[in-house]
Amino acid sequence: MKYYINKITVFLLLAAFLVVSCTDRFEEINTDPDRAKDAPATNVLAFVIRYWSSTFYDVWAEMNETSTYAGHLAKIQYIDEARYNFRPGVVENKWYYLYITLNNVNEIILKAEAEESLNMLAVGKIMRAYIFQCGTDTWRDIPYTDALKIREGTLLPAYDLQEDIYPDLLEELKEAADILAAEPTDLLGDGDILFDGDTHKWRKFANSLRLRMAMRISEVDPPLAQSTVEEILGAPDTYPVMEGNDDNAFFYWQGTNPYEEPWYVDAQGRDDHGLSDVMVNILLDLDDPRLPVYAFPAASDGQYRGFTIGAATQPNLATISRIGTRFRGDPAGFSPYMRYAEVKFLIAEAAHKGFNTGGVTAEAAYNDGVRASLEENGIGAGAITAYLAGEGEFDGTLDQIYLQEWISLFKQGLEAWSLYRRTGIPETHYVAPASPYPGHNSPPFRYPYPQNELTLNGANSRPFESEVVDNFWGKKMWWDTRSGVN
């Protein structure tokens, strides 16, 4: 009887609570007065730059996978990712991070349009094009046209082909460059934590990205690539590109927790990465002065030694070179979006292919690219001169331009991987020996589509997923013209 009385009492108390809790002021009560309902565009810009840098350049999205697919790094413990044994949750997250960042970029654009803030509008367009380029170069065909239409009720976006995405990205970057060429006067505010409000550097970034995308498609759409390159390089006052390392699009971290550079953060508790044998052997063969900057000598004998990418067993850790201080030992280090050196190598390639580069020869642009990369890494003038007169001397080939560009892209795993997929350089790169997918003769072509996307947006994604082989191969990137690879 006591049990039933207590139970009735509880029910009565709950009923009384529900009665007094009912209110027609629910929305007001449920609103956090300390949480902003609408952030200024400059605040959203700061979030986008920081969030993208922390999710795209971290250990999962950069070090474990794209930098090993590119041939720059090797995993020396917990080697699975370098063997292509991917974690589905990592793929899910990378997709999620891509689109949450893009939706925030879209908010910047909408706010800028509403406020007629032309500089902010241009910056939003640049970031949107840059991030979409990263997305399509990771998965190839992705939601693009419908991807950012959630306000219109589009929850299951259709997919676009990469060959349709690239021309549109080039057009968006041109729109941004033309806006900035008119020199609007609105300020970007404190949220520009990439270029500190310098719209001229944003302008150079936009046109440099146009060069990157144009040369990436130079073998599959030569007319568009050539017209884009010649428009930019033929009108440097209207379409300036990066002119020195001071123009590098690097996000520099504050250096205090929680705003520390991601590779540094990983190094505080992990020892899973070393230089690849591909990278170390190339630098040794070239007697390249960047080697002591990129890597530490092995603890066992003081020699520089890389490790097999995707090996079946881990090495004696004392025998492997770890990543150099500049790239992994500075809490206030950098996450690189684009480098001046890359711009010069793109111009060298364009000149070599016969594009009008404003009188700049392939050799001159190549030398400038090598010099820019060496200077960025703290190499002195005498050593630079010796290198360009020695092992780094221009030999007139595209392969050498590609190789030096690949070396310069250290810490930009996606870009180095894309360069390899497009050119097959370096030729010494290889398939992971412990890959669980037999029969392939090239490192991965792409990322797997996330399982949630295949489940929740199956009608749109399944036709594209059916073209994938073994998660990482099958349909190549549009701009990947290599033959005989699978």
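Check the entry above for the structure.
The rules we used
- Note that residues are indexed from 1 along each chain, following the sequence as it is written.
- Per-residue local features of the predicted model are confined to residues with pLDDT of at least 70, and side-chain atom pairs are confined, for both listing and counting, to 80 or more; whole-chain, interface and lining totals are unaffected and use all residues.
- Side-chain figures throughout are based on the complete set of non-hydrogen atoms in the structure, without hydrogens or water.
- Note on conventions: DSSP H or I runs of at least 4 residues are helices, E runs of at least 2 residues are strands, and numbering of each starts at the N terminus.
- Values of the radius of gyration come from C-alpha atoms, whereas the globule rule sets the reference at 2.2 Å times the count of residues to the power 0.38.
- By the convention used here, residues are in contact when the closest approach between their heavy atoms is within 4.5 Å.
- Accessible surface is estimated by sampling points in the Shrake-Rupley manner with a 1.4 Å probe; for residues, cover comes only from the protein chains shown.
- Think of it this way: Lys and Arg go in the positive column, Asp and Glu in the negative one, and His and the chain ends go nowhere.
- Every charge is mapped to an atom, namely NZ of Lys, CZ of Arg, CG of Asp or CD of Glu.
- Categorising residues by exposure relies on relative accessible area from a 1.4 Å probe, with only protein chains included: less than 20% of the type maximum marks a residue as buried, more than 50% marks it as exposed, and the intermediate range marks it as partly exposed.
- Here the rule is simple: two strands pair whenever DSSP picks up at least two bridges between them.
- For this analysis, a nonpolar core means a set of buried residues of the types Ala, Val, Leu, Ile, Met, Phe, Trp, Tyr and Cys, connected via side-chain atoms within 4.5 Å.
- Between the N-to-C directions of two axes lies an angle of 0 to 180 degrees, each axis being a line fitted to C-alpha atoms and, for a helix, fitted only over the stretch in contact.
- For classification purposes, angles smaller than 35 degrees are called roughly parallel, those larger than 145 roughly antiparallel, those between 65 and 115 roughly perpendicular, and all remaining angles oblique.
- A crossing counts as left-handed when the near helix is turned anticlockwise from the far one by less than a right angle, and as right-handed when that turn is clockwise.
- Throughout, the ten residues Ala, Val, Leu, Ile, Met, Phe, Trp, Tyr, Cys and Pro are labelled nonpolar, Asp, Glu, Lys and Arg are labelled charged, and all others, Gly among them, are labelled polar.
- Aromatic pairs are defined between Phe, Tyr and Trp rings, using the six-membered ring for Trp, whenever the two ring centres lie within 6.5 Å; interplanar angles under 30 degrees are classed as stacked, those over 60 as edge-to-face, and all others as tilted.
- By the criterion adopted, a ring carries a charge over it if an Arg CZ or a Lys NZ lies within 6 Å of its centre and within 35 degrees of its normal.
- For salt bridges, the criterion is a side-chain nitrogen of Lys or Arg within 4 Å of an Asp or Glu carboxyl oxygen.
- The pocket and cavity definitions rest on a 1 Å grid over protein atoms only: a 1.4 Å probe that fits but cannot leave marks a cavity, an open set with protein on both sides within 12 Å along at least five of seven lines marks a pocket, and residues lining either have an atom within 4 Å of a point.
- Grid points are joined across faces, edges and corners, and a volume is the space filled by probe spheres set on the points.
- In protein, a polar contact means a hydrogen-donor-capable atom and an acceptor-capable atom, both N or O and within 3.5 Å, with residues adjacent in sequence counting only if both atoms are side-chain atoms; elsewhere, any N or O pair within 3.5 Å suffices.

Draft legend 1. Quick peek at the overall build of the chain. Along its length, the chain carries 20 helices and eight strands. Expected size for 486 residues packed as a compact globule is a radius of gyration near 23 Å; at 25 Å, the chain falls within 12% of this value. In terms of overall dimensions, the chain has a C-alpha envelope of 95 × 60 × 45 Å along the principal axes. For the chain, restricting intrachain contacts to residue pairs at least 6 apart in sequence, the fraction spanning at least 24 positions comes to 77%. Approximately 20500 Å² of the chain is accessible, and the part contributed by carbon and sulfur atoms is 52%. Both charge centroids of the chain, one from 41 positive and one from 71 negative side chains, sit 6 Å from each other.

Draft legend 2. Up close: the pairing of strand β6 (residues 334-338). Of all five residues that make up β6, five are buried, and the element is covered over most of its length. Where strand β4 (residues 249-252) and β6 come together, four bridges link them in antiparallel fashion. Within the sheet, the bridge partner assigned to Phe-251 lies in β6 and is Ser-335.

Draft legend 3. Representation of the nonpolar core within the structure. Of all hydrophobic cores here, the largest spans 142 residues; its most connected members are Tyr-130, Trp-202, Phe-205 and Tyr-337. Examining the composition of this core, we find that twelve residues originate from one element, helix α6 (residues 118-139), more than from any other. Not counting residues within four places of it along the chain, the set of residues in contact with Tyr-130 comprises Trp-52, Tyr-57, Phe-205, Leu-209, Arg-212 and Tyr-337.

Draft legend 4. A look at the packing of α6 against helix α7 (residues 162-181). The N-to-C vectors of α6 and α7 enclose an angle of 160°; their axes lie 9 Å apart at closest approach. Looking at the two axes, α6 sits roughly antiparallel to α7. Crossing of α6 over α7 shows left-handed handedness. Contact residues: α6 offers Leu-118, Asn-119, Leu-121, Ala-122, Lys-125, Ile-126, Arg-128, Ala-129, Phe-132, Gln-133, Thr-136 and Asp-137, while α7 offers Gln-162, Ile-165, Tyr-166, Leu-169, Glu-172, Leu-173, Glu-175, Ala-176, Ile-179 and Leu-180. When the residues that make up the contact of α6 with α7 are grouped by side-chain class, the tally is 13 nonpolar, four polar and five charged.

Draft legend 5. Fine view of the packing of aromatic side chains. Scanning the entire structure with this criterion turns up 42 aromatic pairs. Between Phe-47 and Tyr-51, the ring centres sit 5.0 Å apart and the planes meet at 20°, which makes this aromatic pair stacked. Highlighted residues: Phe-47 and Tyr-51, both in helix α3 (residues 41-56), separated by four residues, approximately one helical turn. On the numbers, 5.3 Å between centres and 55° between planes, the contact of Trp-95 with Tyr-99 is tilted. Placement of both Trp-95 and Tyr-99 in helix α5 (residues 88-115) is noted, with a separation of four residues, approximately one turn of the helix. Tyr-99 carries the same exposure label as Trp-95, and that label is buried. Positioned above the aromatic ring of Trp-479, the side-chain terminus of Arg-216 is 5.6 Å from the ring centre. Between the NZ or CZ atom of Arg-421 and the centre of the ring of Trp-417, over which it lies, the distance is 3.6 Å.

Draft legend 6. Examining the pattern of salt bridges more closely. As enumerated under the stated definition, the model contains 37 salt bridges in all. Measuring nitrogen to oxygen at the nearest pair gives 2.6 Å for the salt bridge that ties Arg-140 to Asp-141. The exposure classification of Arg-140 matches that of Asp-141, with both residues buried. Across the salt bridge formed by Lys-475 and Asp-141, the nearest N and O atoms sit 2.9 Å from each other. Taken together, the residues Lys-475 in the segment after β8 (473-474) and Asp-141 in the loop between α6 and β2 (142-143) connect sequence positions 334 residues apart. The class of Lys-475 is partly exposed, set by a relative accessible area of 23%. Taken together, the salt bridges that share partners define one network made up of Asp-137, Arg-212, Arg-216, Glu-342 and Glu-415.

Draft legend 7. Fine view of empty space enclosed by the protein. For the structure on display, the rule yields three cavities of 30 Å³ or more. If you go around the largest cavity, the residues you meet are Trp-52, Thr-55, Phe-56, Ala-61, Lys-94, Tyr-97, Leu-98, Cys-134, Gly-135, Thr-138 and Trp-139. Listed by contribution, the elements that provide at least two residues to the lining of the largest cavity are α3, α5 and α6. In terms of residue count, α6 provides more of the lining of the largest cavity than any other element does, four residues in total. Grouping the amino acids of the lining of the largest cavity by side-chain chemistry returns seven nonpolar, three polar and one charged.

Draft legend 8. Up close: helix α10 (residues 262-269). For α10, the full list of buried residues reads Pro-262, Trp-263, Tyr-264 and Asp-266. Tucked inside the fold, the buried residues of α10 contact α3, α4 (59-69), β1 (73-75), β5 (273-275), α13 (325-328) and β6. Measuring from the backbone nitrogen of Trp-263 back to the side-chain oxygen at the start of α10 gives 2.9 Å, which picks out Glu-261 as the cap.

Draft legend 9. The arrangement of the side chain of His-273 in detail. One can find His-273 in strand β5. Among the polar contacts listed, one links the side chain of His-273 to the side chain of Asn-64, at a separation of 2.7 Å. Residue contacts for His-273: discarding those within four places in its chain leaves Val-59, Met-63, Asn-64, Ala-74, Lys-75, Ile-76, Asp-266, Arg-322, Ile-323 and Arg-328.

Draft legend 10. Layout of the packing of helix α8 (residues 199-216) against helix α18 (residues 413-423). Where α8 contacts α18, the axes come no closer than 11 Å and their chain directions differ by 30°. Taken together, α8 and α18 sit at an angle that is classed as roughly parallel. Taking contact as the criterion, the partners of Arg-212, Met-215 and Arg-216 in α8 are, on α18, Glu-415, Ser-418 and Arg-422.

Draft legend 11. Region of interest: α4. A large share of α4 lies buried, amounting to ten of its eleven residues. In this structure Asp-58 caps α4, since a side-chain oxygen of it lies 3.3 Å from the backbone nitrogen of Trp-60.

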